[in-house]
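# Breakdown of the fold
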Amino acid sequence: LEQDEQQQQQQQHQPHQQHQQHQQQSHQEGTIGRFGSDAWHPPKGSLAAAGGASAGRSWRDLPGAAAAPAHRTSRPPHGPPVGGLCEAHGVGAKRAWLDVLRSDEASPDEARRALLELRSRGLLRTPKELTIVVRGLGRASLWAEAARVLVDARSSGAGADDILETATISACEKGSQWEAALTLLSGFLHKLQATSSSSSTHLRQTSGGRGNGWGGAAPAFNAAISACEKAKQWEWALALFVSMPDERLERDIVSFNAAISACEKGHQSALALALLAEATQRALTPNVITYSAAISACEKGHRWEWAVHLLEVMEDKNVTPQVIACSAAISACEKGEQWEHALALLERMRSRGPRPNVISFNAAMSACEKGRRWQVSLQLLDELWSGGGGAGGSSSSSSSGAARPLRPSTISANVAISACGRGSRWDAALRLLEVEMPARRLRPSSASFSAATNACGQATQWQVAVHIFAGARRAELADTVAFNTMLHAFSEGHAWPNALELFGSMLRGLGGAPRPDVLSFDSTMAACQRGFAWPRSLQLFELLTSDCTTHTARPSAISFAVAASACAQGALWEQALAWHEQVLIAEGSATISGFGAVVSAFAQARRWVDALCLTEQMKAHGFDPEDVLRTTLAPVLMDVGKQAWAAKFFQSKLALQPPLEALPPRAPRRGDRGRHPAPLQGSAPAPGSAATRRLPIAQLERPGLPPAPPPLPPPPPRPRPPPPPRAP
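Summary of the structure given here.

Parameters and conventions
- Residues numbered from 1 in each chain as written.
- Predicted model: local features only at pLDDT ≥ 70, side-chain atom pairs only at ≥ 80, totals over all residues.
- Heavy atoms only, no water.
- Helix = DSSP H or I, 4+ residues; strand = E, 2+ residues; numbered from the N terminus.
- Buried < 20%, exposed > 50% of the residue type's maximum accessible area, 1.4 Å probe, protein only.
- Contact = heavy atoms within 4.5 Å.
- Areas by Shrake-Rupley, 256 points an atom, 1.4 Å probe, with all protein chains shown as cover.
- Salt bridge = Lys/Arg side-chain N within 4 Å of Asp/Glu carboxyl O.
- Axes fitted to C-alpha atoms, helices over the stretch in contact; angles between N-to-C directions.
- Parallel < 35°, antiparallel > 145°, perpendicular 65-115°, else oblique.
- Polar contact = N/O pair within 3.5 Å; in protein donor to acceptor, adjacent residues only side chain to side chain.

Scanning the chain from terminus to terminus reveals 32 helices and 0 strands. Split into buried and exposed, the 728 residues of the chain put 47% on the buried side. Taking all contacts inside the chain whose residues are at least 6 apart in sequence as the whole, residues at least 24 apart take part in 64%. Working note: accessible area of the chain is about 37400 Å², and carbon and sulfur atoms make up 53% of it.

What follows is the structure, encoded as structure tokens:
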């Protein structure tokens, strides 16, 4: 009996002792287990037992997320256990759920579950705790839940301070919701105005001094500017930036960084440079983010001189450039076709740092490709494949100091293949595609096949291009770009029947072929025109301009130029002139190839007077007609026996208009009958006929340009000599 009474007393005191031990453990470790003899404790060394360490914590590290050990009893599958110590000690449960929201690895479901548990238990009472929740929701891209938390805090007694408002706007920024960010910023400003009007100070001190008046709205403005920058709304970003002084807010370097980044996303390089100059004038110290954003803006605005200059300014200001800024400068040189400067920047990265990455090598290779330096591009690719990159910089080095080898991507091989195409080395491009890329375990993409096909097409090796295109179709990588590249290869090789066959499969959708676009029509028309099948080219142009259900393409200026070239082959100058007028009047755009095609049509019809009139219109649109006239009109002038006028014409370079009306008509020649639709005759043609039609220059002039000079008056008629006296 005494032993039984002792056992009962021990069983009564055992839960209380376990409760005290578990309370101490939860206070030290920050975790809560289940009360009772089957209490589960996190394994030693796990993140849940790491004493509240939030770094690296995830949902699975909390009690109840992972499966229980085999010798333990089962627990609920999600979250801390309900009941028991969680109800008696809500501090530990709140700490555990807040640690989940502090983690960078929390998934959206985990963050949403943590918010639900904290709100259902009523554990969110202070603005600081609400800020932790909102930041966690922002990292999980749950901007709507974060906005709901802010709205509830405004309406409840907990209150919303400046930091909570800024954190909510930042959550909208991470979710690419710039309109929601502007709406929250507007509500925040209305609250500040209402508070400042009802108080003697600008803003009441809330939450133990966490609010700081109107100055607390500056971070909110910066977050809203960043939200507009992420959404590529650079106009709204600059509007917020300009309105900050009106709201009695001081703009710091963070504000300038966000505004310059917005200009970079909007391709406004001039505004970005102006903002950088203004930040320097305000005695603000630009940091690496400022210069990097400005260099990226110069890269997108094709200002390679400024990009290189800003890198030099960074070195003068002792600001260490990052690999992103150096790569952007190399890309700016690539867009400016300055391959020498691109290689110099890459060499400087090797010697001084930072260590170049794959993007840096790709930009330098692309610069060499545009500069037709395919040998240098292949050398850079070999260096990249060997894991090179120099010993400069520590941005890509490990903790032990050893630099990791660079791993080339498929884009690197694509750039090298394009460089071989620019150099007419189709054999090297084919080797890269079929030998080097499989050996390096690089999977070719659609761009790889298109670049190799284009390389073979530029070298007029359309048979090899057909082999590459067949491989792309077998790999199911033949998209619209691949089909257009193959059509261009047929055009370069004058294989217009093959081009028509491939284009027909695109129209009918055979074999999974995509629908043709305007480039497909242009390439096929050019193939027919180069193969002297100009009627087929005109038929394709009529199909392009008609309302057909087989395609949705609309003609471009290049389409009209190719059609006009086809008309030139058929001596259809009236149709070429009509399409040229349609481009200038309806489309509002003109190209040098279009003018050249119409001049060629006039030359084929021996209408050199109309061709000379067209040159004046070319000058009015800003084109130099000298090259076109040397190749098309000069042979016609020499053919009709106007060598003196041709020499005078090219000596003046169209500075003076020759007296066309004073020229005598050409005498008829053998073979003129039926050869041209309207040959020049000595007698004056009937008014309104096709032979009297001239280019309506006055109707096609651009607004604001001076009118065409009037034609020179005809010279006075030469006096005829007196007739000889008759013989008696």
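On to the pattern of salt bridges. It is possible for side chains of opposite charge to pair when their charged atoms get near one another. With the rule as written, the count across this model stands at 25 salt bridges. Ionic pairing is found between Arg-119 and Asp-152, a salt bridge with its closest N-O pair at 2.5 Å. In this pair, Arg-119 sits in helix α4 (residues 108-120) while Asp-152 sits in helix α6 (residues 143-155), placing the two residues 33 residues apart along the sequence. Relative accessible area serves as the criterion here: at 42%, Arg-119 is assigned to the partly exposed category. Taking relative accessible area as the criterion, Asp-152 reaches 26% and is therefore assigned partly exposed. Among the salt bridges present, the one from Lys-191 reaches Glu-165, with a minimum N-O distance of 3.3 Å. Linking Lys-191 in helix α8 (residues 178-198) with Glu-165 in helix α7 (residues 162-174), this pair joins segments that are 26 residues apart in sequence. Several salt bridges share partner residues, and in doing so they unite Asp-109, Arg-112 and Glu-145 into one network.

Right, let's talk about the packing of helix α17 (residues 358-370) against helix α19 (residues 410-422) for a bit. It is at 9 Å that the axes of α17 and α19 come closest, and there the two elements cross at 10 degrees. As summarised for this structure, α17 and α19 are arranged roughly parallel, according to the angle between their axes. Mapping the contact onto sequence places Val-358, Asn-362, Met-365, Ser-366, Glu-369 and Lys-370 in α17 and Ile-411, Ser-412, Val-415, Ala-416, Ser-418, Ala-419 and Arg-422 in α19.

Turning our attention to the side chain of Ser-331. By the secondary structure assignment, Ser-331 is in helix α15 (residues 323-335). Within the structure, Ser-331 has its side chain in polar contact with the side chain of Glu-299 (distance 3.0 Å). When residues no more than four places from it in sequence are discounted, the contact partners of Ser-331 are Glu-299 and Ala-363.

Take unusual backbone geometry next. Cis geometry is adopted by the peptide bond preceding Pro-354, which originates at Gly-353 and carries an omega value of -5 degrees. Position of Pro-354 among the secondary structure elements: in the loop between α16 (339-352) and α17. Despite not being glycine, Lys-232 shows a phi value in the positive range, around 60 degrees. Within the secondary structure, Lys-232 sits in the loop between α9 (217-230) and α10 (234-243).

Glancing now at the side chain of Gln-529. Tracing the backbone through its elements, the reader meets Gln-529 in helix α25 (residues 518-530). Under the relative-accessibility criterion, Gln-529 is labelled buried at 17%.

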